[in-house]
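Summary of the model geometry
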Amino acid sequence: MAIEDYLGKPLKDYVYEDLMKLKRGQLMELFYQLDAPAMNEMQGEYRAALLDSGYVINSFLAWFYLYFTWGTWQHKAFEPLGERHGHGYNTFITTQSTLYENYFVATLMKIASIIRSLFRLNSPQRLARVMLNKTSMVSSVFDGKPSFQLSYRDYNTFYTNTMTDEVRKVNDTLYLGIGRLTITLGKFNPMPFVLMGPPDPWFGPDIPYP
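Cut-off values and rules
Residues numbered from 1 in each chain as written. Predicted model: local features only at pLDDT ≥ 70, side-chain atom pairs only at ≥ 80, totals over all residues. Heavy atoms only, no water. Buried < 20%, exposed > 50% of the residue type's maximum accessible area, 1.4 Å probe, protein only. Helix = DSSP H or I, 4+ residues; strand = E, 2+ residues; numbered from the N terminus. Pairing = 2+ DSSP bridges. Axes fitted to C-alpha atoms, helices over the stretch in contact; angles between N-to-C directions. Contact = heavy atoms within 4.5 Å. Phe/Tyr/Trp six-rings, centres within 6.5 Å; stacked < 30°, edge-to-face > 60°. Lys NZ or Arg CZ within 6 Å of the ring centre and 35° of its normal. Core = buried A, V, L, I, M, F, W, Y, C linked by side-chain atoms within 4.5 Å.

**Some details on the pairing of strand E3 (residues 85-94)**
- Counting buried positions along E3 yields 8 of 10 residues, so the element is predominantly enclosed.
- What sits between strand E2 (residues 72-80) and E3 in their antiparallel hairpin is a turn of 4 residues.
- Relative to strand E4 (residues 126-139), E3 is paired through 9 bridges, and the arrangement is antiparallel. Bridging across to E4, Phe92 finds its partner in Ala128.

**Points about the sheet that holds E2**
- Spatially, 8 strands are ordered E1-E2-E3-E4-E5-E6-E7-E8 in a closed barrel, and the strand pairing comes out antiparallel. Put simply, the sheet's adjacent strands are angled 35 degrees from each other on average, direction ignored.
- The sheet strands contacting helix H3 (residues 24-33) are strand E5 (146-151), strand E6 (163-171), strand E7 (174-181) and strand E8 (191-200), and the helix crosses E7 at an angle near 115 degrees.

**Focus on the packing of aromatic side chains**
- Throughout the structure, instances matching the rule amount to 7 aromatic pairs.
- Here Tyr89 and Trp202 contribute two aromatic rings whose centre-to-centre distance is 4.8 Å and whose plane-to-plane angle is 55 degrees, an arrangement assigned as tilted. With a gap of 113 residues between them, Tyr89 in strand E3 and Trp202 in the segment after E8 connect regions that are remote in the sequence.
- Of the aromatic side chains, those joined through ring pairs into one cluster are Tyr46, Phe78, Phe148 and Tyr175.
- Lying over the aromatic face of Phe193, Lys76 brings its terminal NZ or CZ to 5.3 Å of the ring centre.
- A cation over an aromatic ring shows up here: Arg129 above the ring of Phe203, its NZ or CZ 4.0 Å from the ring centre.

**A look at the nonpolar core**
- In terms of nonpolar packing, the biggest core is built from 26 residues, with Trp70, Phe92, Met131, Phe148 and Leu195 touching the most fellow members.
- Sorting the residues of this core by element identifies strand E1 (44-50), helix H4 (56-68), E2, E4, E5, E6, E7 and E8 as the ones contributing at least two each.
- Counting residues per element, this core draws most heavily on E4, at 4 residues.
- Non-local contacts of Leu195, meaning those with residues more than four positions away in its chain, are made with Tyr46, Arg47, Ala48, Lys76, Phe78, Val167, Thr173, Leu174 and Tyr175.
- Of all hydrophobic cores here, the second largest spans 18 residues; its members include Leu27, Leu174, Leu176 and Ile178.

Below, the structure written as structure tokens:
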């Protein structure tokens, strides 16, 4: 089924609100129809948001993994380093003075932040740039077609290092991503998200790349 049949308009006219209306199965059907963006096209900080993930438990896990641990998710950012590879990071709104790449340390620091907030000891909100990743052009695990991939394996610890994202282009300002974590059944339990442009300039992560 053509994705236009869901919403009655061409892909070039799609906006964020249109993707929010679609269920996970429909989002996957859309993903299969899309093409990968060029590596040099993905440059800067793109606004990011979660889409329908199919099950309540998935929504809870995504909230706990992103929003509870690091803060309010804002962007995925990219910098190309060649025709087929680059790197990136995520941004979060937080009151913590430091966010850690180690998931378990980050969770402990979040709990400490909650305790500090009871005594109004937290710092002002800021934008943190963490969760580093490597980007590359790959064959998708979902359909074998080219995808723009984000791999967290090299820069993160368990269980962040089990996460991989694939991104394809809806139109010039809208991108559909499919995230997966090995510990939540990988490609058999996809978690869609959206990236929105035009992007803000590349800033660079808080902790430099190794």
